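Descriptive analysis of the structure
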Amino acid sequence: MIHLQGVNKQFGNGSNAIIAVDKVNLDIAEGEIFGIIGYSGAGKSTLIRLLNGLEKPSSGTVKIAGYEMSSVNARELRNARKKISMIFQHFNLLWSRTVKQNISFPLEIAGIKKAERERRVNELIDLVGLKGRENAYPSELSGGQKQRVGIARALANDPEVLLCDEATSALDPETTDSILDLLTSINERLGLTIVLITHEMHVIRKICHRVAVMEAGNVVETGSVLEVFQSPKEPITKRFVSQVTEPVGTEQVLAHIPGGTLIKLAFVGEKTEHPVLASLIRKFDIDVNIVQGNISQTKGGAYGTLILQLLGNEKDVDMAIAYLHELGVQTEVITNE
Ligand SMILES: Nc1ncnc2c1ncn2[C@@H]1O[C@H](COP(=O)(O)OP(=O)(O)OP(=O)(O)O)[C@@H](O)[C@H]1O
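Reading the values: the criteria
Residues numbered from 1 in each chain as written. Predicted model: local features only at pLDDT ≥ 70, side-chain atom pairs only at ≥ 80, totals over all residues. Buried ≥ 20, exposed ≤ 12 C-beta atoms within 10 Å, placed from the backbone. Helix = DSSP H or I, 4+ residues; strand = E, 2+ residues; numbered from the N terminus. Pairing = 2+ DSSP bridges. Near = placed C-beta within 6 Å. Nonpolar A, V, L, I, M, F, W, Y, C, P; charged D, E, K, R; others polar. Core = buried A, V, L, I, M, F, W, Y, C linked by C-beta atoms within 7 Å. Domains from an automatic or database assignment. Contact = placed C-beta atoms within 7 Å. Axes fitted to C-alpha atoms, helices over the stretch in contact; angles between N-to-C directions. Parallel < 35°, antiparallel > 145°, perpendicular 65-115°, else oblique. Left-handed = near helix turned anticlockwise from the far one by under 90°.

Attention now moves to the pairing of strand S3 (residues 33-37). Among the five residues in S3, five count as buried, and that is most of the element. Neither face of S3 is open: one carries Ile33, Gly35 and Ile37, the other Phe34 and Ile36, and all of them are buried. Summarising the sheet, S3 and strand S8 (residues 193-198) pair through five bridges and their orientation is parallel. Opposite Ile33, over in S8, you have Ile194 as the bridge partner. In this sheet, strand S9 (residues 210-215) lies alongside S3 in parallel orientation, the contact comprising four bridges. When the sheet's bridge partners are listed, Ile37 is paired in S9 with Val213.

This is the structure we're talking about:
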């Protein structure tokens, strides 16, 4: 559905040149929810603007929904934009139009007749859960409701791809979750391919099937969300994963644990349900203290971490760690005193 090959985007020239996107290769399958995560300035906005044709690459090819965006003419670009829709952080609604009129706008531009527009707008209002708010103006809506209008408007022309530019960054956590639930249900019901950019790992964890991590214009890591949670390779990916797997203040907590061996266990999928701790205590002559634990649900399954302090003689502690490896539990020794 989306295929990027050797995509570069440079702004300016010579000593003022900024390479915003650097040799990016990416494949996104039809029906996938694909997340692109990176800190500010990583190149995410530029990449998404390349996907909808707002920017042309300096080199490389961008293929999306059957269009070669790097070389489309104006007419093809207009047609492509019907298949590639977008929602924004600040919603970009028309403030002098009601909910209904905002959603109807792209249908008017597409020349759809009034009766058909009415039918479609009502269907979309139902789909995004805005029944009863049809005649409200954007200024009378909550942030979550405004984004629902943005989503309905984006879906008006039956797109194949929905691009989401930090679509939940202006919303509180609860509203963020409800919008992410809506995007998931739209993906499942309509088979729509969704590409979202964000700086929040929580968003990736909750709805994405796969993720790409961007740093300084490069895609430094890609994989299924569960895979990336389980074994992040790059330091930046580890920082993003720890945003959701380690509660705030973990480092300070660990610094104050006196003695013993501190280990971090990572469980994936069904292994999160095994009574690992009980068998560890039963089998070995060691004391086990739970320092911290956390389970995160991803689309591919559950991912849990548990930090334990093991107290006992060195041999028993080593045997306990070997046993964890045998069970297939990913085990990392944090400190050994
Ligand atoms: N039109 C432009 N002209 C010049 N430089 C630009 C332009 N657009 C983006 N850049 C530069 O390209 C780099 C990547 O910016 P981009 O906005 O794509 O990053 P981002 O990851 O989306 O960050 P943010 O979340 O802050 O928008 C930055 O150094 C930015 O200053």
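Our next topic: the site of the ligand. Near the ligand you find Phe11, Ile18, Ala20, Gly38, Ser40, Gly41, Ala42, Gly43, Lys44, Ser45 and Thr46, and these make up its full shell. Where the shell around the ligand is concerned, the elements lending two or more residues are strand S2 (18-28) and helix H1 (44-51). A per-element tally of the shell around the ligand places H1 first, with three residues. For the shell around the ligand, a count of residues per class yields four nonpolar, six polar and one charged.

Our next topic: the nonpolar core. Core analysis: the biggest nonpolar cluster contains 82 residues, and Leu51, Ala152, Leu163 and Val195 have the highest contact counts within it. Counting contributing residues, this core receives three or more from each of domain 1 (2-243) and domain 2 (248-336). Those residues within four positions of Ala152 in sequence are excluded, and the remaining contacts are Ile103, Leu124, Ile125, Leu127, Val128 and Leu130.

Here six strands make up an open sheet; going across it, the order is S6-S7-S8-S3-S9-S10 and the pairing mixed. Each edge of the open sheet carries a strand with a single partner, namely strand S6 (84-88) and strand S10 (218-224). On average, each strand axis in the sheet is inclined to that of its neighbour by 20°, with strand direction left out of account. Judged from the five bridges that link them, strand S7 (residues 161-165) and S8 form a sheet pairing that is parallel. Residue Asp165 lies in a different strand from S8, and its bridge partner there is Ile197. The strands touched by helix H9 (residues 235-245) within the sheet are S3, S9 and S10, with S9 carrying the most contacts at an inclination of about 120°.

Moving on: the sheet that holds strand S4 (residues 59-64). The sheet built from four strands is open, its strands ordered S2-S1-S4-S5 with antiparallel pairing. Looking at the sheet topology across the chains shown, the edges are occupied by S2 and strand S5 (67-68). Sheet topology note: the strand S1 (residues 2-11)/S4 ladder contains five bridges and is antiparallel. If you follow Asn8 over to S4, its bridge partner there is Ser59.

Here the focus is the domain arrangement of the protein. For the protein, the assigned domains read domain 1 (2-243) and domain 2 (248-336). One C-alpha centre belongs to domain 1, the other to domain 2, and the line joining them spans 38 Å. Sorting elements by how many residues they give to the side of domain 1 that touches domain 2 places helix H8 (residues 225-230) first, with four residues. Among the residues forming the side of domain 1 that touches domain 2, the class breakdown is five nonpolar, three polar and one charged.

Axis angle and axis distance: for two packed helices, these are the angle between their axes and the distance between the axes, and together they describe the pair. Closest axis-to-axis distance for the helix H5 (residues 143-155)/helix H6 (residues 173-190) pair is 10 Å, and the angle between their directions is 20°. One way to sum up the angle between H5 and H6 is to call them roughly parallel. In this structure, H5 crosses over H6, and the sense of that crossing is right-handed. Contact with H5, carried on its side by Gly143, Gly144, Gln147, Arg148 and Ile151, involves Thr175, Ser178, Ile179 and Leu182 of H6 and no other residues of that element. Its residues placed into classes, the contact of H5 with H6 shows three nonpolar, five polar and one charged.

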